[in-house]
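Spelled out from the first residue to the last, the chains are:
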Amino acid sequence: MRTERQAANATRFRSPDGGSVLPAVSLALLLILLVAATAYVFVAHLFPAPPPITSAALLVDHQYDLTLYAVGAAFILAQLGLAYMVFRYRDRGQSAHFTRGHTWMEIAWTVITLATFLGLGIAGNHVWADLEIAPSSSDPIQVEVTESQFVYTFRYPGPDGKFGRLDANLVSPATGNPLGLDPNDPAGKDDIVASSLTVPVNRPIELLIRSQDVVHNFFVRELRLQQDAVPGMVIPMRFTPDRIGHYEIVCTQLCGLGHDHMYSMLNVVSTDDYLGFLKKQAASQ
Ligand SMILES: [Cu+2]
């Protein structure tokens, strides 16, 4: 039973002109337009990712597509539902009334959301595990990646296959020792230092990523891989490039004033060119 006060409120809030269609229709149409424009951006591939250069990147793309279909469908249904509700329950001069919702509907969409996200997580699990926790290939080419404000420095172990010792106290870019290589360690004598990353095609690569100062990042779009470089840690990152070419390496962590021009190149070359590169670099050290 409505109290007198509720009845009085209902009368007070009743709109005098008996509702308005225009705002409701405009908002509903605007929502439909936004949905159409957003869907068009993805369906027409207006901003396509560059082609992947590893088989793992293909799996990442597949997982991305699955996620996009799931959240895209949810987005379209939710926004079109909103547009319908805005129009269906527009102001017709009626008084608003309180509703307690619908328990089973709420349980249903919570369970659907949970199942969708858990399902996507489980589907993507093996892609992530293959990249991150699978035992590394028996014979990867190791390259150490050192990031600092705002440069990348790459180090190859040289013919002995061993990286020489580093000493933070010896770091001195001005005198040509940006990594702090210890001159007294024989293992470091043949180490090769370069400012861009050159690797042979179709060989497993293992990067050892470190930072000398703040948190940086190593990101190559064509690898679909991105890894933070964290001071005090050496973080491995593995991939096997299957396409010769030059690809940009960028830092995606806001690491200081020069962040915007912190980049380098990943050069994937033939085995002969790779050996030639090592020889040339070694001669110039
Ligand atoms: Cu950086």
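Higher on the page you've got the structure.
Only a predicted model underlies this, so the values are computations on that prediction, with no experimental measurement involved. (Residues numbered from 1 in each chain as written. Predicted model: local features only at pLDDT ≥ 70, side-chain atom pairs only at ≥ 80, totals over all residues. Heavy atoms only, no water.)

## Overview of a nonpolar patch on the surface
Here is step 1: On the surface, a cluster of nonpolar side chains totalling about 400 Å² of accessible area is made up of L29, I32, F75, I76 and L80.
Here is step 2: For the nonpolar patch, the secondary-structure elements that each account for two or more residues are α2 (21-43) and α3 (55-88).
Here is step 3: The element best represented in the nonpolar patch is α3, accounting for 3 residues.
Here is step 4: By relative accessible area, F75 is classed as partly exposed at 34%. (Patch = residues over 30% accessible without salt bridge, like charges linked within 9 Å, V, L, I, M, F, W, Y side chains within 5 Å. Areas by Shrake-Rupley, 256 points an atom, 1.4 Å probe, with all protein chains shown as cover. Salt bridge = Lys/Arg side-chain N within 4 Å of Asp/Glu carboxyl O. Helix = DSSP H or I, 4+ residues; strand = E, 2+ residues; numbered from the N terminus. Buried < 20%, exposed > 50% of the residue type's maximum accessible area, 1.4 Å probe, protein only.)

## Some details on the pattern of salt bridges
Here is step 1: Tallying each qualifying case throughout the model produces 7 salt bridges.
Here is step 2: When the shortest N-O distance is used, the salt bridge between D61 and R224 registers 2.6 Å. Of this pair, D61 sits in helix α3 while R224 sits in the loop between β6 (216-220) and β7 (225-229), and the two are 163 residues apart along the sequence.
Here is step 3: For R165, the salt bridge is made with D182, and the minimal N-O distance between the two is 3.0 Å. Residue R165 is located in the loop between β2 (151-156) and β3 (192-194), and its partner D182 is located in the loop between β2 and β3; the two are separated by 17 residues in the primary sequence.
Here is step 4: By sharing partners, the salt bridges in this structure join E144, R155 and D191 into a single network.

## Topic: unusual backbone geometry
Here is step 1: Along the chain, Q149 connects to F150 via a cis peptide bond; the corresponding omega equals 0 degrees.
Here is step 2: For F150, the position within the fold is in the loop between β1 (141-148) and β2.
Here is step 3: Positioned with a positive phi, H45 is a non-glycine residue whose angle comes to about 50 degrees.
Here is step 4: Structurally, the position occupied by H45 is in the loop between α2 and α3.
Here is step 5: On the accessibility criterion, H45 (58% relative accessible area) is exposed.
Here is step 6: Despite not being glycine, R224 shows a phi value in the positive range, around 55 degrees.

## Overview of the coordination of the copper ion
Here is step 1: All of the protein donors around the copper ion are H216 (ND1), C251 (SG), C255 (SG) and M262 (SD); their distances to the metal are 2.1 to 2.5 Å.
Here is step 2: Metal-centred angles of 91 to 123 degrees between the 4 donor atoms at the copper ion mark the site as tetrahedral.
Here is step 3: The sequence pattern formed by the donor residues of the copper ion is H-x34-C-x3-C-x6-M.
Here is step 4: Overall, C255 belongs to the buried group, its relative accessible area being 5%. (Donors = N, O, S within 2.8 Å, 3.2 Å for Na, K, Ca; no water. Tetrahedral: all angles 85-135°; square planar, octahedral: opposite > 155°, others 65-115°.)

## A short note on the layout of surface pockets
Here is step 1: Volume-wise, the largest pocket comes out at about 750 Å³.
Here is step 2: Lining the largest pocket are 25 residues; nearest its centre among them are F42, H45, Y64, D65 and L68.
Here is step 3: Broken down by element, the residue count for the lining of the largest pocket peaks at 11 residues, all from α3.
Here is step 4: By volume, the second largest pocket is sized at about 470 Å³.
Here is step 5: Taken together, 23 residues line the second largest pocket, and the ones lying closest to its centre are Y156, P157, G158, D190 and D191.
Here is step 6: Of all the secondary structure elements, the ones that give two or more residues to the lining of the second largest pocket are β1, β3 and α5 (271-284).
Here is step 7: Of the residues assigned to the lining of the second largest pocket, the class counts are 12 nonpolar, 5 polar and 6 charged. (1 Å grid on protein atoms, 1.4 Å probe; cavity = no way out; pocket = protein on both sides within 12 Å on 5 of 7 lines; lining within 4 Å. Points joined across faces, edges and corners; volume = space filled by probe spheres on them. Nonpolar A, V, L, I, M, F, W, Y, C, P; charged D, E, K, R; others polar.)

## Observations concerning the environment of G161
Here is step 1: Position of G161 among the secondary structure elements: in the loop between β2 and β3.
Here is step 2: Its relative accessible area of 47% is what places G161 among the partly exposed residues.
Here is step 3: The spacing of G161 and G188 is 27 residues in sequence and 10.0 Å in space, taken between C-alpha atoms.

## Considerations on the packing of aromatic side chains
Here is step 1: Taken as a whole, this structure holds 4 aromatic pairs when the rule is applied.
Here is step 2: Summarising the aromatic geometry, the rings of Y156 and Y274 are spaced 6.4 Å apart at their centres and angled 50 degrees between planes, so their arrangement reads as tilted. Of the two residues, Y156 is situated in strand β2 and Y274 in helix α5; the sequence distance between them amounts to 118 residues. Each of the two residues, Y156 as well as Y274, counts as buried.
Here is step 3: With a centroid separation of 5.5 Å and an interplanar angle of 65 degrees, the aromatic rings of Y156 and F277 are classed as edge-to-face. Of this pair, Y156 sits in strand β2 while F277 sits in helix α5; the two residues are 121 residues apart in sequence, bridging distant segments of the chain.
Here is step 4: You can call Y156 buried: its relative accessible area is 2%.
Here is step 5: By relative accessible area, which is 14% here, F277 ends up buried.
Here is step 6: Here a set of aromatic residues connected by ring pairs shows up, and it is made of Y152, F154 and F218. (Phe/Tyr/Trp six-rings, centres within 6.5 Å; stacked < 30°, edge-to-face > 60°.)

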